[in-house]
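# Inside the fold
Listed below, chain by chain, are the residues.
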Amino acid sequence: MKINLEEIYNLLFDHYGPQGWWPGEGLEIAIGAILTQQTNWHNVEKAIVRLKMANCLDFECLKKISLEKLEKLIQSSGYYKVKARKLKALVDLLIKIPQPDRNALLSVKGIGHETADSILLYWFEQPYFVIDAYTFRIFQRLGYYEGEDYLELQRVFMEILPSDIKLYKEYHALIVEHAKKHCFKNNPKCNDCPLAKNCSNINEPNI
Ligand code: SF4
C-alpha cells in the first residue's frame, strides 16, 4: 500500500484541529521528555508542578539538588530513581554543551531516539520527526508499516514530508491525539475514525 502521509495529516488536522502542543519551554521540555518515558502526561505534570514549587526547574537547582531529593520531587512520574539519574546526566551534558546535537544527546545514558528527537524538535527547533509507540501502532494498523525500527519509520516520514518544523510538531501531536481518542491499544474506536477509509485493520481492530 502506498503511504500518503499528507492525506493522513489532512484528515487528522480536519478532524482534531490544531494541537499547538508540547507543554513547557526550554529546559522544561527536556525534563518533560525524560519524565514522560513509560508513563502518561498526567503523572509528568504532577512531577513538574512539584519541581516548580521547589524552584527546581533550572540548571542551577538540578545540578545542586541531591539525588534523593530529586527522586522525591519526581516520584509521581514512575521509575523515579532511574529518571532522576537521567535528569542529572542530561543537565551535566547541557551545562557542558548548551546546544547539543543528536549524537551528544544519545550519549547520555537513558536518552534514546524518541527522547532525543523530542528535545531537538520541541526545544531546539531542529527538524527531526518524533516517532513514538502511537506512531508505530497507528501506521501499522493503517497497513503502511510492518516493522519496529525507529530510524526506519522516521526516515519514511522525513523523506516524504517537507522538512518543516511546524508540520513535524503538529503531525506528532495529531498522532498522539488520534491514539488517545480513537486508535486505542485495545478495542480501537473504528466506527467514526477519521482514518477509517485508509485503514487496513478497520475490520480486525484487536491486532
Ligand atoms: S480505523 Fe480503527 S484501527 Fe484503523 S486507524 Fe482508525 S481507530 Fe485505528
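Since we're looking at a predicted model, the values are computed, not measured. Along every chain, residues carry numbers that run from 1 in the direction the sequence is written. With the structure being a predicted model, the display of local features is reserved for residues of pLDDT at least 70 and the display and counting of side-chain atom pairs for 80 or more, all residues being used for whole-chain, interface and lining totals. With hydrogens and water stripped out, all remaining heavy atoms of the structure feed into the side-chain values.

## Description of the overall build of the protein
The helix and strand inventory of the protein stands at 11 helices and zero strands. Helical segments are the DSSP runs of H or I of at least four residues, strand segments are the runs of E of at least two, and each set is numbered from the N terminus. Walking the protein from its N terminus toward its C terminus, one meets helices and strands in the order α-α-α-α-α-α-α-α-α-α-α. For the protein, the spread of C-alpha atoms along the principal axes amounts to about 55 × 30 × 30 Å. The buried share of the protein, reckoned over its 207 residues, is 48%. Sequence-distant contacts, at least 24 apart, represent 60% of the contacts inside the protein between residues at least 6 apart. Here the protein has roughly 10800 Å² of accessible surface; of this, 51% comes from carbon and sulfur atoms. Relative accessibility thresholds used throughout: buried, under 20% of the residue-type maximum; exposed, over 50%; partly exposed, between the two (1.4 Å probe, protein chains only). The criterion used for residue contact is that any of the two residues' heavy atoms lie within 4.5 Å. Methods summary: accessible areas were calculated by the Shrake-Rupley approach with a probe of 1.4 Å, and residue burial reflects only the protein chains presented.

## A look at the state of the cysteines
Note that a disulfide, as used here, is simply two cysteine sulfur atoms within 2.5 Å. Taken as a whole, this structure holds one disulfide when the rule is applied. Two residues, Cys56 and Cys61, share a disulfide whose sulfurs are 2.0 Å apart. In this structure, the disulfide formed by Cys56 and Cys61 twists by about -95° around the S-S bond and is classed as left-handed.

## Looking at the packing of helix α2 (residues 27-35) against helix α3 (residues 41-53)
Closest axis-to-axis distance for the α2/α3 pair is 10 Å, and the angle between their directions is 135°. Relative to α3, α2 is oriented oblique. Our pair here, α2 against α3, has a crossing hand that is right-handed. On α3, the residues that touch Glu28, Ile31, Gly32 and Leu35 of α2 are Trp41, Val44, Ala47, Ile48, Leu51 and Lys52. Angles shown run from 0 to 180 degrees and are taken between the N-to-C directions of axes, each axis being a line fitted to C-alpha atoms and, for helices, limited to the stretch in contact. Any angle from 65 to 115 degrees is called roughly perpendicular, while one under 35 is roughly parallel, one over 145 is roughly antiparallel, and all others are oblique. Here is the rule for handedness: rotate from the far helix to the near one, and if that takes an anticlockwise turn smaller than a right angle the crossing is left-handed, while a clockwise turn gives right-handed.

## Section: the site of the ligand
By convention in these notes, a residue is near a molecule or strand provided one of its non-hydrogen atoms lies within 4 Å of it. As a structural note, the neighbourhood of the ligand is formed by Arg141, His178, His182, Cys183, Pro188, Lys189, Cys190, Cys193, Ala196, Cys199 and Ile202. Just so you know the grouping, Ala, Val, Leu, Ile, Met, Phe, Trp, Tyr, Cys and Pro go in nonpolar, Asp, Glu, Lys and Arg go in charged, and all remaining residues, Gly too, go in polar. Among the residues making up the shell around the ligand, the classes are represented as seven nonpolar, two polar and two charged.

## Concerning the layout of surface pockets
Looking at the largest pocket, its volume works out to about 480 Å³. In the cavity and pocket records, a cavity denotes points on a 1 Å grid over the protein atoms alone where a 1.4 Å probe fits but cannot get out, a pocket denotes an open set with protein on both sides within 12 Å along at least 5 of 7 lines, and lining residues are residues with an atom within 4 Å of a point. Taken together, 18 residues make up the lining of the largest pocket; nearest its centre are Thr36, Thr39, Glu114, Asp132 and Tyr134. Taken together, the elements giving at least two residues each to the lining of the largest pocket come down to α8 (113-122), α9 (133-141) and α11 (165-181). Residue ranges assigned to each domain were obtained from an automatic or database domain assignment. Mapped onto the domain boundaries, the lining of the largest pocket takes at least three residues apiece from domain 1 (5-20 + 129-198) and domain 2 (27-122). Grid points are joined across faces, edges and corners, and a volume is the space filled by probe spheres set on the points.

## So, the packing of aromatic side chains
Stacked, tilted and edge-to-face pairs are distinguished by plane angle, under 30 degrees for stacked and over 60 for edge-to-face with tilted covering the rest, among Phe, Tyr and Trp rings (Trp via its six-membered ring) whose centres lie within 6.5 Å. Applying the stated criterion across every chain, the model contains 10 aromatic pairs. Arranged with centres 5.4 Å apart and planes meeting at 75°, the rings of Phe129 and Tyr168 form a pair that is edge-to-face. Here the residue Phe129 occupies a position in the loop between α8 and α9, and Tyr168 occupies one in helix α11, the gap between them amounting to 39 residues. The class of Phe129 is buried, set by a relative accessible area of 0%. When the ring of Phe136 is compared with that of Tyr145, the centres are 6.1 Å apart and the planes differ by 40°; the resulting orientation is tilted. For the pair shown, Phe136 and Tyr145 are each scored as buried. Linked through ring pairs, Tyr9, Phe13, Phe129, Phe139, Tyr144, Phe157, Tyr168 and Tyr171 together constitute an aromatic cluster.

## Points about the nonpolar core
Residues enter a nonpolar core if they are buried and are Ala, Val, Leu, Ile, Met, Phe, Trp, Tyr or Cys, with the set joined through side-chain atoms within 4.5 Å. Of all hydrophobic cores here, the largest spans 66 residues; its most connected members are Leu35, Leu51, Leu90, Phe139, Phe157 and Tyr171. Broken down by element, the residue count for this core peaks at seven residues, all from α2. Ignoring sequence-local partners within four residues, the contact set of Phe139 consists of Ile3, Leu5, Ile8, Tyr144, Tyr145, Phe157, Tyr171 and Ile175.

## Some thoughts on helix α10 (residues 150-160)
Where α10 is concerned, the buried positions are Tyr150, Leu153, Gln154 and Phe157. What you see down the axis of α10 is that its buried residues fit within an arc of 100°, all on one side. On its buried face, α10 is in contact with α1 (5-16), α7 (102-106), α8, α9 and α11. Throughout this description, a polar contact denotes any pair of N or O atoms lying within 3.5 Å of each other; where both atoms belong to protein, one of them has to be capable of donating a hydrogen while the other can accept it, and for residues adjacent in sequence the pair is counted only when both atoms sit in side chains. With a side-chain oxygen lying 3.1 Å from the backbone nitrogen of Leu151, the N-terminal cap of α10 falls on Asp149. Arc, as used here, means the arc of the directions from the helix axis to the C-beta atoms.

Coordinates in, geometry out; function isn't part of it.
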